[in-house]
Amino acid sequence: MQLNWTFKIFGAALILYSLIWGLLIPLKPGVVSVEPRKATAGQNVEIEYEAYNVDYLKDEEIEVSAWLLLDSVRTLQATDIQITGSQKAVAFFQLPYFKESDPSVMSATLVITDSIHGYALLPSAIIIQKKLQDSADATQNPLFTQVQIDYPEGSTFPFRNILKETIRNTYYHVPLWFSMIILFLLSAYKSIKYLRTKKKSHDIWARSYAEIAIILGVLGLITGAIWARFTWGAFWSWDVKQFTSAVALLIYLSYFILRSSISDPDKRARLTASYNIFAFALLIPLLFIIPRLTDSLHPGNGGNPAMGGEDLDSTMRWVFYPAVIGWILMGLWLSELKARYLVLRSKKEEEFMSVWT
Amino acid sequence: MVAQWRSQSSLPAIILYVLSTTFIVFSAFARIDERNWVVLYWIILVLSAAQSAQNSFRDSEGMSGWYYFSICKVEEYFFSKVAANFFLLALMAVLTFLCLSLFSGMPIRDFTLFLEVNIAAWIGLSLLFSFLGFLNAKIEGQRGLLPLLSFPLLLPILLEVIKLSTISAGAMIDTEYAADLYILLAVDALILAMTLMLIRYIWQS
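The structure presented is a predicted model; accordingly, all values stated were derived computationally and were not measured.

Calculation criteria
Residues numbered from 1 in each chain as written. Chains lettered and ligands numbered in written order. Predicted model: local features only at pLDDT ≥ 70, side-chain atom pairs only at ≥ 80, totals over all residues. Heavy atoms only, no water. Helix = DSSP H or I, 4+ residues; strand = E, 2+ residues; numbered from the N terminus. Rg over C-alpha atoms; globule rule 2.2 N^0.38 Å. Contact = heavy atoms within 4.5 Å. Areas by Shrake-Rupley, 256 points an atom, 1.4 Å probe, with all protein chains shown as cover. Lys, Arg positive; Asp, Glu negative; His and termini not counted. Charge placed at Lys NZ, Arg CZ, Asp CG, Glu CD. 1 Å grid on protein atoms, 1.4 Å probe; cavity = no way out; pocket = protein on both sides within 12 Å on 5 of 7 lines; lining within 4 Å. Points joined across faces, edges and corners; volume = space filled by probe spheres on them. Domains from an automatic or database assignment. Expected span 1.5 Å × (residues − 1). Bend = angle between axes of the 7 residues up to and from the residue. Buried < 20%, exposed > 50% of the residue type's maximum accessible area, 1.4 Å probe, protein only. pLDDT = per-residue confidence, 0-100. Salt bridge = Lys/Arg side-chain N within 4 Å of Asp/Glu carboxyl O. Patch = residues over 30% accessible without salt bridge, like charges linked within 9 Å, V, L, I, M, F, W, Y side chains within 5 Å. Axes fitted to C-alpha atoms, helices over the stretch in contact; angles between N-to-C directions. Parallel < 35°, antiparallel > 145°, perpendicular 65-115°, else oblique. Left-handed = near helix turned anticlockwise from the far one by under 90°. Nonpolar A, V, L, I, M, F, W, Y, C, P; charged D, E, K, R; others polar. Buried area = accessible area lost by both parts, 1.4 Å probe. Pairing = 2+ DSSP bridges.

1. Points about the overall build of chain B
From N to C terminus, chain B includes 8 helices and 0 strands. Sequence-ordered secondary structure for chain B, helices as α and strands as β, is α-α-α-α-α-α-α-α. Here the C-alpha radius of gyration of chain B, 18 Å, is about what a compact globule of 205 residues would show, namely 17 Å. Considering only contacts in chain B between residues 6 or more positions apart, those separated by 24 or more positions represent 80%. Put simply, chain B shows about 9,300 Å² of open surface, and 68% of that area lies on carbon and sulfur atoms. Charge-centre separation for chain B: the mean point of 11 positive side chains lies 8 Å from the mean point of 14 negative side chains.

2. Some thoughts on empty space enclosed by the protein
Going through the model one piece at a time under the given rule, you end up with 2 cavities of 30 Å³ or more. In this structure, the largest cavity occupies an estimated 80 Å³ of space. Lining the largest cavity are 10 residues; nearest its centre among them are Leu70, Leu76, Leu95, Pro96 and Ile128 of chain A. Each pocket or cavity is described by its volume, and for the second largest cavity that value is around 30 Å³. Lining the second largest cavity, in full, are Ala49, Ser52, Ala53, Asn85, Leu89, Leu125, Ser126 and Phe129 of chain B.

3. Examining the domain arrangement of chain A
With domains assigned, chain A is organised as domain 1 (5-21 + 163-356) and domain 2 (30-129). A C-alpha centroid distance of 46 Å is found between domain 1 of chain A and domain 2 of chain A.

4. Notes on helix α5 (residues 265-293) of chain A
Residue and element names in this part refer to chain A. Given a rise of 1.5 Å per residue, 29 residues ought to cover 42 Å, and the 41 Å separating the end C-alpha atoms of α5 matches this to within 8%. Of all the bends in α5, the greatest reaches close to 25 degrees and is centred on Leu282; the proline Pro285 follows between one and four positions later. Most of α5 is tucked away: 21 of the 29 residues are buried.

5. Points about unusual backbone geometry
Residues and elements named next belong to chain A. Of note, the bond from Glu35 into Pro36 is cis; its omega dihedral lies within 30 degrees of zero at -5 degrees. For Pro36, the position within the fold is in the loop between β1 (30-35) and β2 (38-40). Although it is not a glycine, Lys198 sits at a positive phi angle of roughly 60 degrees. In this structure, Lys198 sits in the loop between α2 (173-197) and α3 (200-231). In this structure, Trp238 is a non-glycine residue whose phi angle is positive, near 55 degrees.

6. A look at the confidence of the model for chain B
Residue and element names in this part refer to chain B. The predicted model of chain B has a mean per-residue pLDDT of 82, with 91% of residues at 70 or higher. Mean pLDDT across the secondary structure elements of chain B bottoms out at helix α1 (residues 2-7), with 58, and peaks at helix α6 (residues 111-137), with 90. Two summary scores accompany this predicted model of the complex, namely pTM at 0.84 and ipTM at 0.85.

7. Structural notes on the pattern of salt bridges
Residues and elements named next belong to chain A. Applying the stated criterion across every chain yields a total of 8 salt bridges over all chains. Among the ionic pairs, Arg168 bridges to Glu165, the shortest N-O distance being 2.7 Å. Residue classification places Arg168 among the buried positions, given a relative accessible area of 10%. Residue Glu165 is classed as partly exposed on the basis of its relative accessible area, which comes to 29%. Among the ionic pairs, Glu336 bridges to Arg340, the shortest N-O distance being 2.9 Å. Remark: Arg340 and Glu336 occur in helix α6 (residues 314-356); sequence separation between them is 4 residues, near one turn of the helix. The partly exposed category is assigned to Arg340, whose relative accessible area is 40%. Overlapping salt bridges bring together Lys8, Glu336 and Arg340 as one network.

8. Some words on a nonpolar patch on the surface
Residue and element names in this part refer to chain A. A contiguous nonpolar surface patch, about 930 Å² in accessible area, is contributed by Ile215, Val218, Leu219, Ile222, Ile226, Phe230, Phe235, Trp236 and Trp238. Assignment of secondary structure puts Ile226 in helix α3. Overall, the relative accessible area of 42% leaves Ile226 in the partly exposed class.

9. Here's the deal with the packing of helix α7 (residues 146-168) of chain B against helix α8 (residues 178-202) of chain B
Residue and element names in this part refer to chain B. Their axes nearest at 10 Å, the elements α7 and α8 cross at an angle of 150 degrees. Our classification of the angle between α7 and α8 gives roughly antiparallel. Of the two possible hands of crossing, α7 and α8 adopt the one that is left-handed. Residues Ile157, Glu160, Val161, Lys163 and Leu164 of α7 pack against Asp180, Leu181, Ile183, Leu184, Val187 and Ile191 of α8. Its residues assigned to classes, the contact of α7 with α8 comprises 8 nonpolar, no polar and 3 charged.

10. Quick look at the interface of chain A and chain B
Listed as interface residues are 28 residues of chain A and, on the opposing side, 29 residues of chain B. Carbon and sulfur atoms make up 78% of the surface buried where chain A meets chain B, a total of about 2,800 Å² over both sides. It is Arg270, Phe278 and Leu282 of chain A in chain A that bury the most area against chain B; as a group they hold 22% of the surface buried on that side. Counting across the chain A and chain B interface gives 0 salt bridges. The set of elements that each furnish at least two residues to the side of chain A that touches chain B consists of α4 (240-261) and α5 of chain A. Here the side of chain A that touches chain B gets 15 residues from one element, more than from any other, and that element is α5 of chain A. In the side of chain A that touches chain B, the residues fall into 20 nonpolar, 5 polar and 3 charged.

11. Remarks on the sheet that holds strand β3 (residues 44-52) of chain A
Residues and elements named next belong to chain A. If you trace the 4 strands from one edge of the open sheet to the other, you get β1-β3-β7-β6, paired in antiparallel fashion. In this open sheet, the two edge strands, each paired with only one partner strand, are β1 and β6 (80-83). The sheet shows a mean angle of 30 degrees between the axes of neighbouring strands, direction not considered. The pairing of β3 with strand β7 (residues 88-94) spans 7 bridges and is classified as antiparallel. Of the residues in β7, the one forming a bridge with Val45 is Phe93.

In structure tokens:
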């Protein structure tokens, strides 16, 4: 498939766009850590928290406030806030007593907002133990307050507590895999075409698609491993997704080993086309079915959110979808270059042979 | 195709192979738990299946190859090889099972599941190894490519099989193993369909 030059420029522009905006757009502010994580109802508590992507010391007139969300109705505003660093502050809360119907332990979400950066929250930030009000103590704690949430101006990416800045990997890692799968599919399609028509150019195209797909696959594996280093703690942890995708690359490496070990071009084209189709058919259970049945840490598996859940908001979509289209077009363009080079080379070889014979 | 079976006169070789690998395994491990038992069983089986599939296509080239292809269709030739490999695999499996059970005890609790898994795996393995063995026999010069070509492709089967037989040994608890069994059968069906489609193109010269 030869691309029109407008598609090539379009693809390159989309990749450039996703690189620039994917790296430049800041993340929303977030809460990184909270101390202490436990408290008892009816007591005063000082919660020291560390925020992300905020600068409390930059502006003198910044207004910071904090809330604890106990459930859908009960919210508690901090009585006072002391800023201790550019990203650190201590919030003072007067925890209310529990009602009789409450469970013995409740977890509260910490929400912080300020007048410049907007809001940030940490789910289950603090665990509060149940304590009922003594009948002798008559003072009632204020409970119902309204949370004022100011949305920050400009576009931002969502803040996730474990992912942090690595959420940007969505724009590079995922489109690389999409592009790889499409190129493998086209490679298998060209192999079927070759077996049907026995035209040499189909074999060349099948080879070029597979070659570029392997390069994209290796890049996808590397970006995934770097991401895993920061979120899972290790570059390689034998997660089923890592394992099966590495095996998929091994399958295509053996396709090239097979190619290089047969000298007769017609036989090589025929046998490798058969192997390519066979391998692609077995790739489907390997990549798409088995990882779904096994526990995995990968987003989209084992109850982890991915793709359209809470990890992809509308700002991200504006970068993610162009990146997918861009990488697919780039993959097609690269394989086209490779195939055209190989066609020219085989023509040259034929000319050379015809001079000699 | 009795000739296929007769030409596979490698029964003593298989017995020797199974016995010697079990001895090596026992000199290396002091004690084998259920998980390792299952993994060892399948590794011994897969390696010996690769070996026998490589040998079984020796006669597809040269004069005897021409003779076979003059008297029967390529599908007939190929599927008789598959059948022969299937029975050899079954034999090896029984031998390996007996040897391992004799030396290190028998961890399998759910026999029906283990047998189902085994039969599904034998079908898949014999088809896959025969297909790639046939392909491998067509390559002049380098004959040692079969493990390289087949082991990455084996993994879907092997992953499922090891998981299912670990369940049958009671080392892992999973009540919804039916889905895994269906996937194993689906992979078998996929391999069968692919070999049926592609076998004609491998034999064409």
